[in-house]
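# Fold and geometry: a report
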Amino acid sequence: MKIALVNCKGPQGTMISIPQGILQLSAEAKARNHQVDIVDYNYIELPVSYDSLAKYDLVGLSTMSTQLPHAQEIADSIGNRAKIVWGGIHALLDPQSILSQYPDHLVVSGEGEVPLIDILDTYENRQSMEWLLARPGICAMQDGKPVINIPYYLPSIDDLEDINFYDLPNLEAYLDVYDAWFAKTIKMLLVLVARGCPYNCSFCINSVHRKHGGKYRVKSIEKIRRESIKVIEEFNIPFIQPRDELFFSNKKLVAGWLEFVREYNLLWPANCRFDFFREGHITADYIENLVESGCYSLGMSVESGNEQVRNSLLNKELSDSQIDHAIDVLEKSAGRKMTLGSSFVLYFPGDTRQNRIDTIKWMDRLSQRTNVIFSGPQIYRSYPGTDLYKTEVNVFQGGDISGYVEMLSYDGTEKSLASSPEAYFYSNMLPVYFNYRFRKVILTSGENEPPTWEVSDEANTICPPDLYWVMGIIRLRLKLNFWFLFIDPKVLPWIHQLIIEDKSIIGQLRKLGRQLKSTLFNRITHSRNALVADR
């Protein structure tokens, strides 16, 4: 069959990233002699029409909830001119919402490699539709009623076909990645090395995978090498990133990885956990070994500033003392040379004022003692099926695509919360303010040399003077540990906006000052020019 696998357009500003799942689906279908094209609308301009997609026998739409508007646009345009199969995260969370609007389509819930082949076999008359509708991962409408089978998950991902990065149209475009730590675009290959997560955080999408059998599984280092070496050599790739929720969970994989990156002189970041810093796992000597191998950044999230909330509500299984111990180890072994990435989540069910205050304290503490970049705090995203979702008040019941489109903002948070002053304060003002402390990384090694880098004295980002002035009250609160009448998240965004727009008294005075300065400068310049002319 002739197949188009489509990565639907994400929210505005979505960074281009290799669609790993679609690549794997392509490899499985091609191994069975199907013709496959990948269409990624996240890096090409949206077409006026989708008639070209209608020429395929089957169109697969991979979509998260935030991609639903574009997925609908494609489905409505194609109509019944091609068979359409939906997959992706939204298909797992709420397959009924898709089937209610598109009863003639099929939906794949869970991992799609085996269900896709089942569908292709059925469409080519090697299996019956009755057989297909009893298969795990397959969801469809039958006689006006939804058939929702259990999600499908592979017992192992090492037995899958090797992916071929060259299946991507214009592969080189995916290799140009902006790296916040180096503060520039670099050549980096993102390699999927594992699926799932061994932990069960109550808010995380991985907990939904885990409940349905999507346990933590890794690829062998031999498979990783087969899939990536050709690209590394052809494009002279200096950076590589293992895509893994918790890369250091599997010691055998890490050992093979260290040999691999040393062989090719690669620089690399990876995800980790603060509580991995313990005897027998990650020690000071181990960190020095990682740095020597080219590891320049570890992603380790705190999620919640308050220890009790972090563990009782979010089930993070992480103590304050474990975070402090990890910081101590990093300071002693690598200083600021091993950079960090960290994040928090706020406004989840059960979140408290004290937790938000403690989050600010932790951001201050981490940015004082480590070279860290914060992505967030992020505003809570609701995932049906998580433990935290069950505790939500007035929870959206799903079953309707239009409900998601109307309810969700561009990043998947509820519009009512995403547009609030508090959301702006925590997810915009705070990270910009604390990230100005980060010192960017500079590559010092030459081509074909073992990777070396140093941390400059130059800030990665500059805190805008307006924001720095407004955040003075936060600096004072942190210094005095004074949090009485903590209404700052509601008030400071308003003050900041007034200053930016020059509508406040201070803003007007600043505007007047700029005008007087400009007038004075023009007069002096005019006088000088007149004197020159007289001479």
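The following paragraphs examine the structure supplied in this document. Residue indices begin from 1 for each chain and proceed along its sequence in written order. Given that this is a predicted model, residues contribute local features only at a pLDDT of at least 70 and side-chain atom pairs are listed and counted only at 80 or more, while totals for whole chains, interfaces and linings are drawn from all residues. The basis for every side-chain value is the complete set of non-hydrogen atoms in the structure, without hydrogens or water.

## Describing the overall build of the protein
Rule in force here: Each helix corresponds to a stretch of at least 4 residues labelled H or I by DSSP, and each strand to a stretch of at least 2 residues labelled E; elements are numbered beginning at the N terminus. Note on classification: 1.4 Å probe, protein chains only; a residue is buried when its accessible area is under 20% of the maximum for its type, exposed when over 50%, partly exposed between these limits. Any two residues whose heavy atoms approach within 4.5 Å at even a single point are treated as in contact. Computed with a 1.4 Å probe, the accessible areas rest on the Shrake-Rupley method; for each residue, only the protein chains presented here act as cover.
On a plain count of helices and strands, the protein comes out with 21 helices and 20 strands. Every one of the 535 residues in the protein was classed for burial, and the buried ones make up 51%. Summarising the internal contacts of the protein: among those between residues at least 6 apart in sequence, 72% fall at separations of at least 24. For the protein, the accessible surface area stands at approximately 24,900 Å², while carbon and sulfur atoms represent 52% of it.

## Comments concerning the packing of aromatic side chains
As a reminder, the rule being used: Note on ring pairs: Phe, Tyr and Trp rings are taken, using the six-membered ring of Trp, and paired if centres are within 6.5 Å. Classes follow the plane angle, with under 30 degrees stacked, over 60 edge-to-face and the rest tilted. Any Lys NZ or Arg CZ found within 6 Å of a ring centre and within 35 degrees of that ring's normal is scored as a charge over the ring.
Taken as a whole and assessed by the stated rule, the structure comprises 26 aromatic pairs. Their ring planes at 40° and their centres at 6.2 Å tell us that Tyr 433 and Tyr 468 sit as a pair that is tilted. Taken together, the positions of Tyr 433 in helix H17 (residues 421-435) and Tyr 468 in helix H18 (residues 465-470) put the pair 35 residues apart, joining distant regions of the chain. Classification of Tyr 433 by relative accessible area gives buried; the value is 1%. Tyr 468 gets classed as partly exposed once you look at its relative accessible area, which sits at 34%. Chaining the aromatic ring pairs together yields one cluster made of Phe 247, Phe 248, Trp 257, Phe 260, Tyr 264, Trp 268 and Tyr 286. In this structure, Lys 83 is placed above the aromatic ring of Tyr 123, and the distance from its NZ or CZ to the ring centre is 5.0 Å.

## Points about the nonpolar core
In plain terms, the rule: Residues grouped as a nonpolar core are buried Ala, Val, Leu, Ile, Met, Phe, Trp, Tyr and Cys residues, joined through side-chain atoms within 4.5 Å.
Residues Phe 248 and Trp 268 are the most contacted members of the largest nonpolar core, which totals 114 residues. Beyond its immediate stretch of four places on either side in the chain, Phe 248 contacts Val 254, Trp 268, Ala 270, Asn 271, Cys 272, Phe 276, His 281, Ile 282, Tyr 286, Leu 290 and Leu 298. Counting residues in hydrophobic clusters, the runner-up holds 27 residues, among them Val 39, Tyr 56, Leu 61 and Leu 68.

## Considering helix H9 (residues 221-235)
Put simply, the test is: Residue count minus one, scaled by 1.5 Å, sets the expected span of a helix. The bend reported for a residue corresponds to the angle between axes fitted to the seven residues ending at that residue and the seven starting there.
The end-to-end C-alpha distance of H9 is 21 Å, a good match for the 21 Å that 15 residues give at a rise of 1.5 Å each. Its maximal kink placed at Ser 228, H9 deviates by approximately 40°. Those residues of H9 that fall on the buried side of the exposure criterion are Ile 221, Lys 223, Ile 224, Glu 227, Ser 228, Ile 229, Val 231, Ile 232 and Phe 235. Just past H9, the residue Asn 236 takes up positive phi, approximately 50°.

## Things to note about the packing of helix H13 (residues 320-333) against helix H14 (residues 353-369)
Test applied: Whenever a helix is involved, its axis is fitted only over the stretch in contact; in every case the axis is a line through C-alpha atoms, and angles between N-to-C directions fall within 0 to 180 degrees. Every angle not falling under 35 degrees, over 145, or within 65 to 115 is termed oblique; those three ranges are roughly parallel, roughly antiparallel and roughly perpendicular. It is the rotation of the near helix from the far one that decides the hand of a crossing: anticlockwise by less than a right angle makes it left-handed, clockwise makes it right-handed. Each residue is assigned to one of three groups, with Ala, Val, Leu, Ile, Met, Phe, Trp, Tyr, Cys and Pro labelled nonpolar, Asp, Glu, Lys and Arg labelled charged, and all others, Gly among them, labelled polar.
It is the contact of H13 with H14, at a shortest axis distance of 11 Å, that shows an interaxial angle of 15°. In terms of axis orientation, H13 runs roughly parallel to H14. The handedness of the crossing between H13 and H14 comes out as right-handed. Here H13 contributes Asp 320, Ile 323, Asp 324, Ile 327, Asp 328 and Glu 331 to the contact with H14, which in turn contributes Trp 362, Arg 365, Leu 366 and Arg 369. Residue composition of the contact of H13 with H14, by class: four nonpolar, no polar and six charged.

## Regarding the sheet that holds strand S14 (residues 295-299)
Backbone hydrogen bonds hold the strands of a sheet together, and the pairing may be parallel or antiparallel. Using the following cut-off: Two strands pair if DSSP finds at least two bridges between them.
Pairing within the open sheet is parallel, and its four strands lie in the order S13-S14-S15-S17. Either end of the sheet is taken by a strand with one partner, and the two such strands are strand S13 (268-271) and strand S17 (372-374). Taken over all neighbouring pairs, the strand axes of this sheet differ in orientation by 20° on average, direction set aside. In terms of strand pairing, S14 meets strand S15 (residues 339-342) through three bridges, oriented parallel. Each residue of the ladder has a partner; that of Ser 297, found in S15, is Thr 339.

## Describing the sheet that holds strand S9 (residues 184-192)
Taken in spatial order, the three strands make up an open sheet running S8-S9-S12, and their pairing is mixed. Where the open sheet ends on each side, the last strands, each with one partner, are strand S8 (176-179) and strand S12 (239-243). Strand-to-strand, the axes of this sheet are offset by a mean angle of 55°, without reference to chain direction. Where S9 lies against S12, five bridges are found, and the strand directions are parallel. Bridge pairing in S12 places Leu 189 opposite Ile 240.

## Observations concerning the side chain of Asn 7
Mapped onto the elements, Asn 7 comes out in strand S1 (residues 2-7). If we skip the residues at most four places from it in the chain, Asn 7 touches Pro 19, Ile 22, Val 39, Asp 40, Tyr 41, Asn 42, Ser 62 and Gln 67.

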